[in-house]
Amino acid sequence: SLPVKLTHAGLNHSLFGGLAAESGDALAFHFFHYEEVSRLPEDAVILATTKDSPAIAIDYGGGWRSVQFHPEASHSTFQHWVDEGIIRPPPSEIAYCPLASGRTLLAN
C-alpha cells in the first residue's frame, strides 16, 4: 500500500468523492508494479500522484479515466499473490493492509 496525493483537480473530482480530505492529505491504495505514465495526451488532467510518479490517476475526458493502482483487489488478494509467488512481497513499511479506499473509488 502506498500513499497517493490528490492534485487540486483530484480533490474536486467525482472519482475521489467521499475520499478526498479538504487538505489534500494522502490516501492509500494497493500497488504491485512499477510502471508509470511517461507522457500524457494534451487534454488529460492529472488527478493524483505518488512521490515517485507524477501521474497516478488521470482523467482523459469523455468519461475515460485510469489509475496506476489496484482498487479492485483487497489486501488479502495481494497477500495470496505474494504467498503463491505471483508477485514479490513489498517492503514491510508498505505491506498490504486493509483499505476502504478501493471500494469507495470503484463505487464512484
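Report follows, based on the coordinates.

About the thresholds
Residues numbered from 1 in each chain as written. Predicted model: local features only at pLDDT ≥ 70, side-chain atom pairs only at ≥ 80, totals over all residues. Heavy atoms only, no water. Pairing = 2+ DSSP bridges. Helix = DSSP H or I, 4+ residues; strand = E, 2+ residues; numbered from the N terminus. Axes fitted to C-alpha atoms, helices over the stretch in contact; angles between N-to-C directions. Contact = heavy atoms within 4.5 Å.

1. Concerning the sheet that holds strand 1 (residues 2–6)
Consideration 1: Spatially, the five strands line up as an open sheet ordered 2-1-3-4-5, and their pairing is antiparallel. Edge positions in the open sheet fall to strand 2 (27–29) and strand 5 (64–67), since each of these has one partner strand only. Taking each pair of neighbouring strands and ignoring which way they run, the sheet shows an average axis angle of 30°.
Consideration 2: Bridge count between strand 4 (residues 57–61) and strand 5: four bridges; the pairing is antiparallel. Paired with I58 across the bridge in strand 5 is S66.

2. Focus: the side chain of H30
Consideration 1: Within the secondary structure, H30 sits in the loop between strand 2 and strand 3 (45–49).
Consideration 2: Those residues in contact with H30, other than ones at most four positions away along the chain, are S1, F69, H70, A73, S74, H75, F78, Y96, C97 and L99.

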